[in-house]
Amino acid sequence: MTQFSHPHDHDQQARHDSQEHIDHGGIGKYLIVFAALCVLTGASFFTYSSYWPFGKHVAWAFMVAVSCTKAMLVIMFFMHLLWEANWKWVLTIPATFMSIFLTLMLVPDIGWRQNNGFARYSYERLLYAPDPPAIEHAEAEAAEEEMSHDSPH
Amino acid sequence: MFAYQPALPIPNGKTCLWLFLSTEIMFFAGLIGTYIVLRFGAIAWPAPHDVHLSEPIGAFNTFVLICSSVTIVLALEAAKMSQTTKAKGFLLLTLLLGGVFLGVKAYEYQQKFSHGIYPTKPHGLVHDKADLYYVAAVRQRLNDLRTEFTQKNEPIRKPIDEISKMVDDAELAMRNEPASEQGRIKAMELAFAIYPPHDHNSVAHAAAAGAVPESAVMRLVAFQQNAPQDGESHDAGHAQGFNDRYPWLRLPIMIPGGPLWASTYFLLTGFHALHVLVGLIVFALMLFITLDRARANLVENIGLYWHFVDLVWIFLFPLLYLF
């Protein structure tokens, strides 16, 4: 405990130097990470080409996975978080959690706007949608005073 | 006995920068999260070519940013070893690569602006659907053009008259037979004549979203295919509308989901471009400093910021260009 509560400047300096010494061998490592990032960018661009054999949704999942891998490579190596002490968790974990919660809190918005599935929308949503499918038609029917008020679908 | 640590085992500047970065993570997470909610909750979303997005250009810009991330990390390594000239060289290279990124971005923005796709009203020509308001907006623009070109000769008046006839037909059909599909089909044909969907699937998508009556889809596809073809640009082979053939017309255009797309695209890329710009300003200021071992912390801090900007683009590129 005492060595933590009374850190000697000299010790810290020495530790700092040794850490820098470890980092020095890293130029080759950075180039490998660079090559990996280029390959991964090519991989997500591949989903755009006509040679992509799987469907759109597989492409989305693939691109998210590739993006997360690229992000981890940048964070770990270029931003040196791989070699940092435990303080890194103090900053990254709360920020990550708040980001995830923020996005999750937006999700009910989708739930409230959509009835069920991806195709049907609630009435409130339809009012402001770019292409309300059959509302004009329904209104025209109402204008003609047709008593049978069929659902537009 | 309990004792306090005086500080984190890193320089104060780095602590501050990481605190700032954690707020930035939440800032961009909010923006990207909102984009995802809007994009996947939207009833219609434009295909990339409908809004002049070029995937190869986006991929090139991704490559440029990755390169700049490498050069700034090499600048840090050089600064740590007090190789001041080398450090400055890599810093200059990073500055240039960031400039290339912004230049490409400006070119991409210009592509959108030249087709009337703006984030806000005064210049924007994009309408969500070909309804009565759209037809009225076309008529308004035609009237403005007529007063503008009263002195001009016949060839300029010809496209105006051609479009005017379509506007009249659409409005008549909408007014006389409001219950019939004919008005909406005519308005759709008008929109396609002015600005045809550049993506071949867009008509089918519009039909799936309910924008076009099923019975009209075949007719609209034929209409789209009979339009004059364009041979030279990157989306070669797409039908050329009046706005392509006569750029001075600048008639209102119809892109389902276009206004929402423009808002989110310009907001996300705009905030990212602002971050790039801030980084470039700091790089430019640092060119006047000797980047030796004593300044390595400074290089590391701006490097961390720059990697974060790269990180945001890593997510923006697939989301905006490839999804």
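Residues numbered from 1 in each chain as written. Chains lettered and ligands numbered in written order. Predicted model: local features only at pLDDT ≥ 70, side-chain atom pairs only at ≥ 80, totals over all residues. Heavy atoms only, no water.

Some details on the overall build of chain B
Cut-off, in case you're wondering: Strands here are runs of E lasting at least two residues and helices are runs of H or I lasting at least four, both read from the DSSP assignment and numbered beginning at the N terminus. Contacts were defined at the residue level, with two residues in contact if any of their heavy atoms lie within 4.5 Å.
Of regular secondary structure, chain B possesses 11 helices and two strands. Of the regular secondary structure in chain B, the N- to C-terminal order runs α-α-α-β-α-α-α-α-α-α-β-α-α. Sequence-distant contacts in chain B: of pairs separated by 6 or more residues, those separated by 24 or more amount to 78%.

Concerning the overall build of chain A
Rule in force here: Relative accessibility decides the category of a residue: with a 1.4 Å probe and only protein chains considered, values under 20% of the type maximum give buried, values over 50% give exposed, and everything between is partly exposed. Method for areas: the Shrake-Rupley scheme with a 1.4 Å probe, in which residue coverage is limited to the protein chains shown.
In terms of regular secondary structure, chain A is built from seven helices and zero strands. Tracing chain A from N to C terminus, the helices and strands come up as α-α-α-α-α-α-α. By residue count, 30% of the 153 residues in chain A fall in the buried class. Long-range contacts, defined here as pairs at least 24 residues apart, represent 38% of the contacts in chain A between residues at least 6 apart. Here chain A displays about 10,300 Å² of accessible surface, and carbon together with sulfur accounts for 67% of that area.

Considerations on the pattern of salt bridges
Let me state the cut-off plainly: Salt bridges are identified by distance alone: a Lys or Arg side-chain nitrogen within 4 Å of an Asp or Glu carboxyl oxygen.
One pass over the structure, following the stated rule, counts eight salt bridges over all chains. Here Lys14(B) makes a salt bridge to Glu84(A), at a shortest N to O gap of 2.5 Å. Linking Lys14(B) in helix α1 (residues 12-41) with Glu84(A) in the loop between α4 (56-78) and α5 (87-113), this pair reaches from one chain into another. There is no split in this pair, since Lys14(B) and Glu84(A) are both buried. Here Lys14(B) and Glu300(B) are joined by a salt bridge, their closest N and O atoms 3.0 Å apart. Taken together, the residues span a long stretch of sequence, with Lys14(B) in helix α1 and Glu300(B) in helix α11 (residues 296-322) at a distance of 286 residues. Judged by its relative accessible area of 7%, Lys14(B) is buried. A single network of salt bridges, built from pairs that share partners, joins Glu84(A), Lys14(B) and Glu300(B).

Quick word on the side chain of Lys70(A)
Note the threshold: Charge convention: Lys and Arg are scored as positive, Asp and Glu as negative, and His as well as the terminal groups of each chain are ignored.
Along the chain, Lys70(A) turns up in helix α4. One buried charged side chain, Lys70(A), makes no salt bridge at all; its nearest oppositely charged neighbour is Asp310(B), positioned 7.2 Å away. Ignoring anything within four residues of it in the chain, the contact list for Lys70(A) reads Leu37(A), Leu40(A), Thr41(A), Thr62(B), Ile66(B) and Ile314(B).

Quick notes on the nonpolar core
Residue and element names in this part refer to chain B. Spelled out, the test is: The definition of a nonpolar core used throughout is a set of buried Ala, Val, Leu, Ile, Met, Phe, Trp, Tyr and Cys residues joined through side-chain atoms within 4.5 Å.
Ile117, Tyr134, Val138, Ile163 and Ile194 are the most contacted members of the largest nonpolar core, which has 109 residues in total. A total of 18 residues in this core trace back to one element, the largest contributor, which is α11. Non-local contacts of Ile194, meaning those with residues more than four positions away in its chain, are made with Tyr134, Val138, Ile163, Gly241, Phe242, Asn243, Leu251, Pro252 and Ile253.

Describing the packing of helix α3 (residues 27-46) of chain A against α4(A)
All names here are of chain A. The test is simple: In this analysis, axes come from line fits to C-alpha atoms, helices being fitted only over the stretch in contact, and the angle between any two N-to-C directions falls in the range 0 to 180 degrees. Between 65 and 115 degrees an angle is taken as roughly perpendicular, under 35 as roughly parallel, over 145 as roughly antiparallel, and anywhere else as oblique. Put simply, a crossing is left-handed when the front helix is turned counterclockwise from the back one by less than a right angle, and right-handed when it is turned clockwise. Charged means Asp, Glu, Lys or Arg here, nonpolar means Ala, Val, Leu, Ile, Met, Phe, Trp, Tyr, Cys or Pro, and polar covers whatever is left, Gly included.
Interhelical geometry of α3 versus α4 gives an angle of 165° and a closest axis separation of 10 Å. On the basis of the axis angle, α3 is roughly antiparallel to α4. In the crossing of α3 with α4, the sense of the turn from one axis to the other is left-handed. Across the interface between the two elements, Lys29, Tyr30, Val33, Ala36, Leu37, Leu40, Thr41, Ala43 and Ser44 from α3 touch Phe62, Met63, Val66, Thr69, Lys70, Leu73, Val74, Phe77 and Phe78 from α4. In terms of residue class, the contact of α3 with α4 is made up of 13 nonpolar, three polar and two charged.

Things to note about helix α3 (residues 84-114) of chain B
Just so we agree on the cut-off: Each residue after the first adds 1.5 Å to the expected span of a helix.
The first and last C-alpha atoms of α3(B) sit 45 Å apart over 31 residues, in line with the 45 Å expected at 1.5 Å per residue. A positive backbone phi angle near 80° is found at Gly116(B), which sits one or two residues after α3(B).

Description of the confidence of the model for chain A
Residue and element names in this part refer to chain A. Selection criterion: Scored from 0 to 100, pLDDT records how confident the predictor is in each individual residue.
Mean pLDDT over chain A stands at 71; residues scoring 70 or higher make up 54%. Taken together, the stretch residues 1-21 has pLDDT below 50 and engages in seven contacts with residues farther than four places along the chain or on a different chain. Counted against residues more than four places away or in other chains, residues 115-119, with its pLDDT under 50, gives four contacts.

Quick look at helix α2 (residues 55-80) of chain B
An α-helical turn contains 3.6 residues, so a residue and the one three or four places further along point in the same direction. Residues and elements named next belong to chain B. For α2, which comprises 26 residues, the first-to-last C-alpha distance of 38 Å matches the rise-based estimate of 38 Å (1.5 Å per residue) to within 8%. The buried fraction of α2 is high, at 22 of 26 residues. Just downstream of α2, Ser82 is the residue with a positive phi angle, here 55°.

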